[in-house]
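Summary of the model geometry
Listed here are the chains, written in short residue letters.
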Amino acid sequence: MRRVAILGSTGSIGINTLDVIRAHPERFKVVALTANKQIDRLAEQCIEFNPTIAVVGDAAGASRLRTALQEKRIATQVLCGSESLVSAVTQSDCDTVMAAIVGAAGLVPALAAAKSGKRVLLANKEALVMSGDLFMQAMQSGGGELLPIDSEHNAIFQCLPQQFTKAPHDYLGVEELWLTASGGPFRDTAMSELSSITPDQACAHPNWVMGRKISVDSATMMNKGLEVIEAFWLFGLPLEKIKVLIHPQSVVHSMVLYRDGSVISQMGQPDMRTPIAYGLAWPERIHAGVGPLNLTQLAALSFAEPDLTRFPCLALAFSAANTGGTAPTILNAANEIAVAAFLDAGLPYLRIPEVVEKTLNHISSVSASSLELILDVDAKARHVASNIIRQMNH
Ligand code: NAD
Ligand code: MG
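Residues numbered from 1 in each chain as written. Chains lettered and ligands numbered in written order. Predicted model: local features only at pLDDT ≥ 70, side-chain atom pairs only at ≥ 80, totals over all residues. Heavy atoms only, no water.

**Let's talk about the packing of helix α6 (residues 125–142) against helix α13 (residues 327–344)**
When two helices pack together, their arrangement is captured by the angle between the axes and the distance separating the axes. Cut-off, in case you're wondering: Axes here refer to lines fitted to C-alpha atoms; in helices the fit is confined to the stretch in contact. Angles between the N-to-C directions go from 0 to 180 degrees. Every helix listed is a DSSP run of H or I at least four residues long, and every strand listed is a run of E at least two residues long, numbered separately from the N terminus. Geometric relationships in this document are graded by angle, where less than 35 degrees denotes roughly parallel, more than 145 denotes roughly antiparallel, 65 to 115 denotes roughly perpendicular, and other angles denote oblique. Throughout, a crossing is termed right-handed when the near helix is turned clockwise from the far one, and left-handed when it is turned anticlockwise from it by less than a right angle. Throughout, a contact is declared for two residues whenever any of their heavy atoms are within 4.5 Å. Note that Gly is not counted as nonpolar here; it falls among the polar residues with everything else outside the nonpolar set of Ala, Val, Leu, Ile, Met, Phe, Trp, Tyr, Cys and Pro and the charged set of Asp, Glu, Lys and Arg.
Between α6 and α13, the shortest axis-to-axis distance is 7 Å and the interhelical angle comes to 140 degrees. When the axes of α6 and α13 are compared, the pair comes out oblique. Judged by the sense of rotation from one axis to the other, the crossing of α6 with α13 is left-handed. For the pair α6 and α13, contact is made by E126, V129 and M130 and by P328, T329, N332 and E336, respectively. Of the residues belonging to the contact of α6 with α13, the class tally is 3 nonpolar, 2 polar and 2 charged.

**As for the coordination of the magnesium ion (ligand 2)**
Each pair of donors in an ideal four-coordinate tetrahedral metal site encloses 109.5 degrees, whereas pairs in an ideal six-coordinate octahedral site enclose 90 or 180 degrees. Put simply, the test is: Because no water is among the atoms considered, metal sites can look incomplete, with donors defined as N, O and S atoms within 2.8 Å of the metal, or 3.2 Å for Na, K and Ca. Note on exposure labels: buried denotes an accessible area under 20% of the residue type's maximum, exposed denotes more than 50%, and partly exposed covers the range between, all computed with a 1.4 Å probe on protein chains only.
Here the magnesium ion (ligand 2) is held by the protein donor atoms D150 (OD), E152 (OE) and E227 (OE), which lie 2.1 to 2.2 Å from it. Taken in sequence order, the residues that donate to the magnesium ion (ligand 2) follow the motif D-x1-E-x74-E. With a relative accessible area of 8%, E152 lands in the buried category.

**Concerning the sheet that holds strand β3 (residues 53–56)**
What counts, and what does not: Whether two strands pair depends on DSSP finding at least two bridges between them.
In space, the 7 strands of this open sheet follow the order β4-β3-β2-β1-β5-β6-β7, with parallel pairing throughout. Only two strands of the sheet have a single neighbouring strand rather than two, namely β4 (77–80) and β7 (145–148). Within this sheet the neighbouring strands show an average axis-to-axis angle of 20 degrees, counted without direction. Where strand β6 (residues 119–122) and β7 come together, 4 bridges link them in parallel fashion. By the bridge assignment for β7, R119 is matched with E145.

**Digging into the site of ligand 1**
Filter applied, for reference: The criterion for a residue being near a molecule or strand is simple. One of its heavy atoms has to lie within 4 Å of it. Two N or O atoms count as a polar contact when they lie within 3.5 Å, although within protein this holds only if one can serve as hydrogen donor and the other as acceptor, and sequence-adjacent residues are included solely when both atoms are side-chain atoms. The Shrake-Rupley method, run with a 1.4 Å probe sphere, supplies the accessible areas, and residue values consider only the shown protein chains as cover.
Around ligand 1 sit 22 residues in total, of which T10, S12, N36, E126 and G211 are the nearest. Contacts to ligand 1 include G211, whose backbone N or O atom sits 2.9 Å from an oxygen atom. A total of 830 Å² of accessible area belongs to ligand 1 in isolation, and the protein chains cover 85% of it. Of all elements in the fold, only α1 (12–22) and α6 reach the threshold of two or more residues within the shell around ligand 1. Residue composition of the shell around ligand 1, grouped by class: 11 nonpolar, 8 polar and 3 charged.

**Some words on the side chain of R273**
Here R273 shows up in helix α11 (residues 273–281). Assessed through its relative accessible area of 17%, R273 is described here as buried. Here D271 takes part through its side chain, which lies 2.8 Å from a polar atom of the side chain of R273.

Coordinates in, geometry out; function isn't part of it.
Here's what the structure looks like:
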């Protein structure tokens, strides 16, 4: 029986994870659940799964949750605050952690899971973008297993040779990793129309249903940029061997090119329950609630190079990845601030890359040597990006 903690259980990945777990009560026991603000949904989850620990964002939320659980005689211990996210990992007696908090807020608890030797199911790509080196070291010293949940990385993991470990001398014949990208909702939109894009338009992804932040990142293709950096840390290949291909149908989830000319891909419905089930049960395969692909009914599959003028965020991410050090931390923080301002405060869509670029130009990259330094740079970049947005006055 795997004992699972879910960081970010009320989000899109969290809900899909519980959906897979619900179908396999003989395999999985939920021991910790966390949410930031969605107390009612977390209460329902606790009543159904009866975890040992639940964590919410603040004291008011905790007291609401306690009342809701007392009424149903659920004995879950309710904690609050960001420090308690670490307790959900370290005090819940879990052996598996789904890291599915969105953004930098997920870094510290994901690192705690890595250090304590858990099986880490990593959805929170921002953690790896900010602190890839530290995170991979923490996984190594903890001795646990890291299973990528991001669909592209999960696909690549499935397509690599079983004995693949980070950076062997010849990568076991692996030449390149090809990350596919749908191109989001604005792949073919006239450039002149991009200036008036609304949050609801940006969040209406053609193939995937996801949280709002990653949906905007998919529209700008910052998401793919973050994923290139994620792949760099996960698989240890040089950046120039990690390529991006636009594939609007989202059927091929990513590919590995081998030296002998073979290309191995993983295909399936665009449904996150497939990679989640793979990570939860690895190396076994379990039912995920996902139907098979019907290849005869699919229209043609197409692939194209991404257009970096249409997607300046992708170019900024490539550049930050090449700079290295804390540049990806700055990129990520500025992007989180810009996306939040677009979603909640009327920042025009086309200003998102502008905020990120200006923030990157304003702060120089240094070696990402400690968690403390990374968190400092993250805070500074948020401050700088917020000031830039204020000065833009939209
Ligand atoms: P979401 O917005 O739907 O859910 C986010 C979760 O994080 C919620 O449970 C929320 O309560 C929690 N959270 C948010 N801010 C928090 C904070 N400050 N402190 C503590 N908890 C907080 O997001 P999502 O779409 O589920 O994405 C989660 C992560 O998985 C992201 O890093 C995303 O990039 C990655 N991911 C998602 C998908 C997808 O299909 N949704 C696919 C690949 C990767
Ligand atoms: Mg992805």
